[in-house]
Amino acid sequence: MNNVFKDSFCYQVDIFVPNKERVFDQIRSLFNKYYLLTRINLSELLTDHFIEKFLNKGDLYLFSSNTKLDCDTCACLTPSGSLILSVSESLNQRIPINFSRKSSKFTGYEKYEIEISIKDVRKRKDFDFLKSILEQINLSLYAYCTSREREFENDLREFFGSKRVHTCLNRIDCRVKNCPTELIEKILFKSVTNGQDWTNVENLLGCLTNSIDLVKYFKNFGIEEEKISILRIKGFIPNQIVKEIIQCHLNTLIDEDEDMISERVFLKVHGFRDSPLSLVNLEPSLEKKMRTNEENFVGICFKLDQNILSYDVIYKDFKKIFIVSQNK
């Protein structure tokens, strides 16, 4: 399970627990504030001061805001100090570092992915030339720190200036919905073996989340209802927190309470469509089938069967659905 998600980011996490009342207090407490940094010149990330104040602590995520992957320059920075750029052909030809991936968008526009280790790049003989190129790139960036929240905000304002640092909060919505028991049993508690199974799950959970009439997608279900707990977090979310939710919190939601048993937990993770860094690690067979830099969704269904916890991972790249089932 640890290998599903990359050290990347997502913009929305949905958790659904059938037959449960509200059970998400501990998960809600995991999320800190994040920040929008405006008018940031990428050369600022190469300075000694930036490395000392942020990179050496290994807890900073940066991600370009309001950019389009198919035609704009996009960037992200991971806590390990990797600056990942998605650039045009002309800009790629000017940057003296070999690209790691080339992709063609539906528009016919070619983009090049370049990975730069900020600490190592300073040792290059052509560092000044590279810095001069990055000085021409200005972006707005989301910033998130996995620890030292108060100190982090002070560091941001000291380094970038208060006028360029804007505080943001993840939107957290927790609710309980009534769902027909028949649909829970036939759809949510059915093994997810193909794309249509997951489409039915998505339709049902989507209706409940967005208060859409179930009759639009389902017919002939009974009137008996049970509870489903729903938690939605939306904003800027490091995958590290998603991993922590899976490892430390979801297992405890699957128990054998005779009064209110839940044998499934559903987790939906929505990646940024315009991210230069893909959301998940894919098997080689899927790498060839999916648009790995553009997948916008991963679904995970956790199941408890005879005290064995297993899971299905559903990958979706806007149209195609791929399912991988594993025992945990």
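### Focus: the overall build of the protein
Part 1 of the reasoning: In terms of helices and strands, the protein carries 10 helices and 15 strands.
Part 2 of the reasoning: The proportion of buried residues among the 328 residues of the protein is 53%.
Part 3 of the reasoning: Put simply, of all contacts in the protein between residues at least 6 apart along the chain, 75% involve residues at least 24 apart.
Part 4 of the reasoning: Counting only carbon and sulfur atoms, one obtains 44% of the accessible surface of the protein, whose full area is about 15,600 Å².

### With respect to the state of the cysteines
Part 1 of the reasoning: Within the structure shown, the criterion is met by zero disulfides.
Part 2 of the reasoning: With no disulfide of its own, cysteine 179 has cysteine 207 as its nearest cysteine by sulfur position, at a separation of 9.4 Å.
Part 3 of the reasoning: Given a relative accessible area of 0%, cysteine 179 falls into the buried group.

### What to know about helix α5 (residues 127–134)
Part 1 of the reasoning: Among the residues of α5, those classed as buried are Phe127, Leu130, Ile133 and Leu134. An end-on view of α5 places all buried positions within 120° of arc, on one side of the element.
Part 2 of the reasoning: Check the buried side of α5 and you find it contacts β2 (34–41), β5 (82–88), α3 (89–94) and α4 (118–121).

### Topic: the nonpolar core
Part 1 of the reasoning: Phe5, Ile15, Phe236, Val242, Leu250, Leu267 and Ile300 are the most contacted members of the largest nonpolar core, which has 44 residues in total.
Part 2 of the reasoning: Sort the elements by how many residues they give to this core and helix α9 (residues 239–253) lands first, with six residues.
Part 3 of the reasoning: For phenylalanine 236, the residues in contact, after removing those within four places along its chain, are Phe9, Cys10, Tyr34, Tyr61, Phe63, Tyr142, Ala143, Tyr144, Asn170 and Phe272.
Part 4 of the reasoning: With 39 residues, the next largest nonpolar core counts Leu42, Leu62, Tyr112 and Val165 among its residues.

### As for the packing of aromatic side chains
Part 1 of the reasoning: Summed over the entire model, instances satisfying the criterion amount to 17 aromatic pairs.
Part 2 of the reasoning: Ring centres of phenylalanine 159 and phenylalanine 160 lie 4.7 Å apart, and the angle between their planes is 80°; this geometry places the pair in the edge-to-face category. With respect to burial, phenylalanine 159 and phenylalanine 160 carry one shared label: buried.
Part 3 of the reasoning: One aromatic cluster in this structure is built from Phe9, Tyr34, Tyr61, Phe63, Tyr142, Tyr144 and Phe236.

### A look at the pairing of strand β8 (residues 138–145)
Part 1 of the reasoning: Of all the eight residues making up β8, six are buried; the element is thus mostly covered by neighbouring parts of the structure.
Part 2 of the reasoning: Both β2 and β8 contribute to a ladder of five bridges, which runs antiparallel. Its bridge partner lying in β8, isoleucine 40 is registered against leucine 139.
Part 3 of the reasoning: In the sheet, strand β3 (residues 60–64) pairs with β8 via five bridges, with the strands oriented antiparallel. Its bridge partner lying in β8, leucine 60 is registered against cysteine 145.

Each value, and the rule that gives it
Residues numbered from 1 in each chain as written. Predicted model: local features only at pLDDT ≥ 70, side-chain atom pairs only at ≥ 80, totals over all residues. Heavy atoms only, no water. Helix = DSSP H or I, 4+ residues; strand = E, 2+ residues; numbered from the N terminus. Buried < 20%, exposed > 50% of the residue type's maximum accessible area, 1.4 Å probe, protein only. Contact = heavy atoms within 4.5 Å. Areas by Shrake-Rupley, 256 points an atom, 1.4 Å probe, with all protein chains shown as cover. Disulfide = S-S within 2.5 Å. Arc of directions from axis to C-beta. Core = buried A, V, L, I, M, F, W, Y, C linked by side-chain atoms within 4.5 Å. Phe/Tyr/Trp six-rings, centres within 6.5 Å; stacked < 30°, edge-to-face > 60°. Pairing = 2+ DSSP bridges.

Function cannot be inferred from these measures alone, as they are strictly geometric.
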